[in-house]
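Notes for the structure review
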Amino acid sequence: MSLRTCSARLNAVLRNQSSVVTRTIRRQYASAATAASSLPAGLKEAIDKEARLSNPDPQYDSQTARLVDAQSPFMVPTYVRPPPMFQQGEGCYIWDVENRQYLDFTAGIAVNSLGHSDPEVAKVLYQQAQTLVHSSNLYYNPWTGALSQLLVEKTREHGGFNAGKAFICNSGSEANEAAIKFARKHGRSVQSDGSKFEIVSFHGSFHGRTMGSLSVTPNPKYQKPFSPMLPGCKYATYNDMDSINELVTEHTCGVIIEPIQGEGGVNVATPEFLLALRKRCTEVGAVLVHDEIQCGLSRTGKLWAHCDLPAEAHPDILTTAKALGNGFPIGATIVTDEVSSKIVTGDHGTTFGGNPLGCRVAHHILGRLAAPELQAGVLQKEARFREHMSRLHQRFPKIVQEVRGRGLILGLQLSADPTPVVTAARERGLLIITCGTNTLRFVPPLIISNEEINKGMAILEDAMVAVFEEPGHIEGTDGQQEMR
Ligand SMILES: Cc1ncc(COP(=O)(O)O)c(C=O)c1O
């Protein structure tokens, strides 16, 4: 009997069972099966594995695989996905279609900061959906303005930059597209001959997939198939003063930077570098854009990552998205009044951006994410994560190299490929993603409890033991990060 056939039988027995019952049956079946000495070694190992793991990846003949096989022929293959299919979430947990529960350290890539299926968010969505979903930007509605005002006021109140106005859109890429266009327009207003059009961004950054945001995301793998990029994009080295002095010139209309690079590996820009960058932008009359799409909205324990910086380092434009809708697609480009003064009617627009449904839900979410108690909790939880990470460092001194990040955007730098750890963690009930080169990324919901952190880190440790202390049999799953 082949390994696949055995697994097929196992799955047939277990199909449609609740997860607890499933696990019990799996264990009983496994111990009976392994007791049978006639089984080949590989098969025994496969059965043992199914018994040990709470959430073994669905097999080729599972209910999940059948659904995937039926649906994927209709989907443009833009992502590599691991086998489970998720259908339900609550708080920091998410369940797959086979009713298996996973603790979620990914929050949908730093999106579900208030957790999955938050009841208050659901209520606001429901109420507004019954009231008015969309009326277009050709007319006023009460919520686009209310959200814009709250973004501006909260930014100022929390020690952020001199925000004046906001443009509401639907995603992070679109927020950056608007920022790039605003920088171009600003450059043209400073230098009417059109020579001030260059945009400087940084190696290791990720700003999105649309042509403008991709043009400032210097990853050859993502840019090359779609070249040529926007003219005038230059790429500097993160945290390198010489690099910005060389590339940010009189021709530069804008510089875009993530104060903490998410996809690039949870790399943190130093305050000195951000200060020098601001100074250089001011010298040459370029606008400075902080992309806080991943690191903003209290993920660092401050409303924005730049709130920790002196005013002399603050940006002219800030882009946000992800957690702003807790899963509802929405983004915003917040600008100073000076930048806004260069934008006139017709310069930019969107059909869906600023619709009452999205804006009302984001208005609710922003109020909650800006709460001081939530921000204090983020710092306390960071400390808890770091304690666990230093224990992992002690246990795997050759593998765990460094912890980077702030608040609940943390990166654990490994000396080895982390993708088998991602698989092993998932099969033990923890979702975690990677970033940069060999970095495990921790961007959990900001409402995560200490118990959930302890539980998740215990699963992670188990997974690391399985991968690094019993090596050879766990394969990594590709595609657990946007950029590689
Ligand atoms: C820092 C940063 N900017 C921009 C984006 C693009 O956002 P979206 O995927 O919503 O277009 C992302 C997405 O991962 C991001 O992390």
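Numbering of residues starts from 1 in every chain and runs along the sequence as written. Thresholds applied to this predicted model are a pLDDT of at least 70 for local features of residues and 80 or more for the giving and counting of side-chain atom pairs; totals over whole chains, interfaces and linings are not thresholded and use all residues.

Attention now goes to the overall build of the protein chain. Numbering of helices and strands runs from the N terminus, with a helix taken as a DSSP run of H or I at least four residues long and a strand as a DSSP run of E at least two residues long. Within the protein chain, the secondary structure is distributed over 17 helices and 17 strands. Scaling as 2.2 N^0.38, a compact globule of 484 residues should have a C-alpha radius of gyration of about 23 Å, and the protein chain matches this with 24 Å. Across its three principal axes, the protein chain shows a C-alpha extent of roughly 85 × 55 × 45 Å. Think of it as a crowd count around each C-beta: if 20 or more other C-beta atoms lie within 10 Å the residue is buried, if 12 or fewer it is exposed, and in between it is partly exposed, with C-beta placed from the backbone throughout. Evaluated residue by residue, the protein chain yields a buried proportion of 47% over its 484 residues. Two residues qualify as a contact pair if the distance between their C-beta atoms, derived from the backbone, is within 7 Å. At a minimum sequence separation of 6, the contacts of the protein chain that also span at least 24 residues come to 75%. Throughout, the radius of gyration refers to the C-alpha atoms, and the reference size of a globule is 2.2 Å times the residue count to the power 0.38.

This next bit is on the site of the ligand. To decide whether a residue is near a molecule or strand, its C-beta atom is placed from the backbone and checked for lying within 6 Å of it. Close to the ligand lie 16 residues; Gly172, Ser173, Gly208, Ile293 and Gln294 are nearest. Examining the composition of the shell around the ligand, we find that three residues originate from one element, helix H8 (residues 172–190), more than from any other. Class assignment for the residues of the shell around the ligand results in four nonpolar, eight polar and four charged. The residue classification treats Ala, Val, Leu, Ile, Met, Phe, Trp, Tyr, Cys and Pro as nonpolar and Asp, Glu, Lys and Arg as charged. All others, Gly included, are polar.

Regular strands place side chains that alternate from one sheet face to the opposite one. Counting buried positions along strand E5 (residues 198–202) gives five out of five residues, so the element sits mostly inside the fold. Of the two faces of E5, the one lined by Glu198, Val200 and Phe202 and the one lined by Ile199 and Ser201 are each fully buried. Bridge analysis of E5 against strand E7 (residues 252–257) gives three bridges, and the strand direction is parallel. Residue pairing in the sheet places glutamate 198 in a bridge with threonine 252 of E7. Summarising the sheet, E5 and strand E6 (residues 233–236) pair through four bridges and their orientation is parallel. Paired with phenylalanine 202 across the strands is alanine 236, a residue of E6. The criterion for strand pairing is that DSSP finds at least two bridges linking the strands in question.

What follows concerns the packing of helix H16 (residues 419–426) against helix H17 (residues 450–469). Running from amino to carboxyl end, H16 crosses H17 at an angle of 125°, the nearest separation of the two axes being 8 Å. When the interaxial angle is binned, H16 and H17 end up oblique. Taken as a pair, H16 and H17 cross one another with a handedness that is right-handed. Side by side, H16 and H17 meet where Pro420, Val421, Ala424 and Ala425 of the first sit next to Ile459, Leu460, Ala463, Met464, Ala466 and Val467 of the second. Here the residues of the contact of H16 with H17 sort into ten nonpolar, no polar and no charged. Only C-alpha atoms enter the line fits that serve as axes; for helices the fit covers just the stretch in contact. Angles between N-to-C directions range over 0 to 180 degrees. Note on terminology: angles under 35 degrees are roughly parallel, angles over 145 are roughly antiparallel, angles of 65 to 115 are roughly perpendicular, and the others are oblique. Each crossing is labelled by how the near helix is turned from the far one, with a counterclockwise turn of less than a right angle marking it left-handed and a clockwise turn marking it right-handed.

Let us look at unusual backbone geometry. For the bond from serine 227 to proline 228, the omega torsion is 5°, close enough to zero to count as cis. Mapped onto the elements of the fold, proline 228 is located in the loop between helix H10 (220–223) and E6. With a phi angle near 50°, valine 266 is a residue other than glycine that sits in the positive phi range. Considering the arrangement of structural elements, one finds valine 266 in the loop between strand E8 (260–261) and strand E9 (267–268).

So, about the environment of arginine 426. Its place among the elements puts arginine 426 in helix H16. As for arginine 426 and aspartate 104, which are separated by 322 residues in sequence, their C-alpha atoms are 9.5 Å apart. Leave out the neighbours within four places in its chain, and arginine 426 touches Asn55, Pro82, Tyr102 and Leu431.

What follows is about the environment of glycine 405. Within the secondary structure layout, glycine 405 lies in strand E13 (residues 400–406). Assessed through the 26 C-beta atoms surrounding it within 10 Å, glycine 405 is described here as buried. C-alpha of glycine 405 to C-alpha of phenylalanine 86: the two residues are 319 residues apart in sequence and 28 Å apart in space.

This next bit is on the sheet that holds strand E14 (residues 409–414). In space, the four strands of this open sheet follow the order E13-E14-E17-E16, with antiparallel pairing throughout. The open sheet has two free edges, formed respectively by E13 and strand E16 (433–435), since each of these has just one partner strand. Strand after strand, the sheet turns through a mean of 30° between neighbouring axes, direction not considered. Where helix H15 (residues 372–395) meets the sheet, its contacts fall on E13, E14 and strand E17 (439–442), and the angle it forms with E13 comes to roughly 170°.

Those domain boundaries reflect an automatic or database domain assignment. Here the domain parsing of the protein chain yields domain 1 (80–117 + 371–484) and domain 2 (123–370). Each of domain 1 and domain 2 was reduced to a C-alpha centroid, and the two centroids are 27 Å apart. Between domain 1 and domain 2, the residue contacts involve 29 residues of the former and 27 residues of the latter. Every element with two or more residues in the side of domain 1 that touches domain 2 is listed here: helix H5 (107–110), H15, E13, E14 and E17.

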